[in-house]
Amino acid sequence: MRIRDRLRAVYGTPLMRPHGHPIAELVLTVLSQSTNDRNRDVAYLRLRERFPTWEAVMQAPVAEIEEAIRPGGISKVKSARIRAILRAIAEDKRGPAGGSPHELSLDWLKDVPIEEARDYLIALPGVGRKTAACVLLFAYGLHDVPVDTHVSRVGTRLGLLRAGATFEELHDEMLALTPPGEELELHVNLLRHGRRTCHACQPACRECALARMCPSRKDFADAED
């Protein structure tokens, strides 16, 4: 609670309504891997401009997808992964296509228990807990918290997460300590803090609003609020 309140005082309360487009979120998160937000967004926009529907992406040659998303980096891996994910979705009987490659949908995810939705997503090719959490939180506002490198680093330094924990454990721990309704705020503000202050190398501890709460920086325990 104290950490949340201090982060809120520094960064505000992020407002972002669930957008209701789970496949878009899934593809966007794949494109975000090992690149920055700008390159991710350029790759995503180029993909959507070249292929007007997800069905068109699914049916396109991998080389054409790779060319479209090249600005996002490691496009050879991401292009194959995106097409494999879309094909796996098309083959699932719970979507409206009934296994036919004419319509893709994950709209049914919001109507099943979150554990079932999460298990389905992480069974898709190359999809892990962070990507699944992004879909569940940003598309539908469900109770899940993505743990990326920034959230993991800040959470571990603050003693919220166990050092050396697996990604599975990190997500379970973060989910357990996050009150329902505060998932977006905690994720976004921890991420902002990791990007702006609690850097991987040379963290700006003297300027950190959380210095007095941070067991990793006891030498700043007497810093001003």
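Residues numbered from 1 in each chain as written. Predicted model: local features only at pLDDT ≥ 70, side-chain atom pairs only at ≥ 80, totals over all residues. Heavy atoms only, no water.

### A few points about the packing of helix 2 (residues 22-31) against helix 3 (residues 37-50)
Between helix 2 and helix 3, whose axes approach to 9 Å, the crossing angle comes to 130°. With respect to their mutual orientation, helix 2 and helix 3 come out oblique. Between helix 2 and helix 3 lies a crossing whose hand is right-handed. On helix 3, the residues that touch Ala24, Val27, Leu28 and Leu31 of helix 2 are Arg40, Asp41, Ala43, Tyr44 and Leu47. Within the contact of helix 2 with helix 3, the residues separate by chemical class into seven nonpolar, no polar and two charged. (Axes fitted to C-alpha atoms, helices over the stretch in contact; angles between N-to-C directions. Helix = DSSP H or I, 4+ residues; strand = E, 2+ residues; numbered from the N terminus. Parallel < 35°, antiparallel > 145°, perpendicular 65-115°, else oblique. Left-handed = near helix turned anticlockwise from the far one by under 90°. Contact = heavy atoms within 4.5 Å. Nonpolar A, V, L, I, M, F, W, Y, C, P; charged D, E, K, R; others polar.)

### Section: the packing of aromatic side chains
Here the structure, examined in full by the defined rule, presents two aromatic pairs. With a centroid separation of 6.2 Å and 50° between ring planes, the pair formed by Tyr44 and Trp54 is classed as tilted. You can see Tyr44 sitting in helix 3 and its partner Trp54 sitting in helix 4 (residues 54-59), a full 10 residues away along the chain. Per residue, the accessibility class of Tyr44 equals that of Trp54, and both read buried. Seen in terms of ring centroids, Trp108 and Tyr120 are 4.9 Å apart; in terms of plane orientation they differ by 75°. Their pairing is edge-to-face. (Phe/Tyr/Trp six-rings, centres within 6.5 Å; stacked < 30°, edge-to-face > 60°. Buried < 20%, exposed > 50% of the residue type's maximum accessible area, 1.4 Å probe, protein only.)

### Overview of the pattern of salt bridges
When the charged atoms of two side chains with opposite charge come close together, those side chains can pair. On inspection of all chains with the given rule, the structure shows 12 salt bridges. Residue Glu67 is joined to Arg70 by a salt bridge in which the shortest nitrogen-to-oxygen separation is 2.9 Å. Residue Glu67 is classed as partly exposed on the basis of its relative accessible area of 33%. A network of salt bridges, in which partner residues are shared, links Asp37, Arg40, Asp41 and Arg195. (Salt bridge = Lys/Arg side-chain N within 4 Å of Asp/Glu carboxyl O.)

### Brief notes about the confidence of the model for the chain
It should be kept in mind that the predicted coordinates are not to be read in detail where pLDDT is low. Per-chain confidence: the chain averages 90 in pLDDT, with 92% of residues scoring 70 or above. Of all secondary-structure elements in the chain, the lowest mean pLDDT belongs to helix 1 (residues 2-11), at 92, while helix 5 (residues 62-68) reaches the highest, 97. Long-range and interchain partners of residues 97-102, a stretch whose pLDDT sits below 50, account for 12 contacts in this model, where long-range means more than four residues apart. Counting contacts from residues 221-225, a segment whose pLDDT is below 50, to residues more than four positions away or on other chains yields five contacts. (pLDDT = per-residue confidence, 0-100.)

### Side note on helix 11 (residues 183-196)
Here helix 11 is 14 residues long and its end C-alpha atoms lie 20 Å apart, about the 20 Å a rise of 1.5 Å per residue gives. The element helix 11 is largely enclosed, with a buried count of 11 among its 14 residues. Looking only at helix 11, the buried set comprises Glu183, Leu184, Glu185, Leu186, His187, Val188, Asn189, Leu190, Leu191, His193 and Gly194. On the buried face of helix 11, the contacting elements are helix 1, helix 8 (129-140), helix 9 (149-157) and helix 10 (167-177). (Expected span 1.5 Å × (residues − 1).)

### A word on the nonpolar core
Judged by nonpolar contacts, the single largest core of 38 residues is most densely connected at Leu47, Trp54, Ile89, Leu106, Leu109 and Leu121. Elements supplying a minimum of two residues to this core: helix 2, helix 3, helix 4, helix 5, helix 6 (75-91), helix 7 (114-122) and helix 8. The contact partners of Leu109, leaving out residues within four places of it in the chain, are Ala117, Tyr120, Leu121, Val135 and Tyr140. Counting 22 residues, the second-largest nonpolar core is a separate cluster that includes Ile3, Val151, Ala165 and Leu191. (Core = buried A, V, L, I, M, F, W, Y, C linked by side-chain atoms within 4.5 Å.)

### Section: the packing of helix 2 against helix 6
Contact pair helix 2 / helix 6: the axes reach a minimum separation of 10 Å and the direction vectors enclose 155°. Considered as vectors, helix 2 and helix 6 are oriented roughly antiparallel to each other. At the point where helix 2 passes helix 6, the crossing takes the right-handed sense. Every residue of helix 6 that contacts helix 2 at Ile23, Leu26, Val27, Val30 and Leu31 is listed here: Lys78, Arg81, Ile82, Ile85, Leu86 and Ile89. Residues belonging to the contact of helix 2 with helix 6 are distributed by class as follows: nine nonpolar, no polar and two charged.

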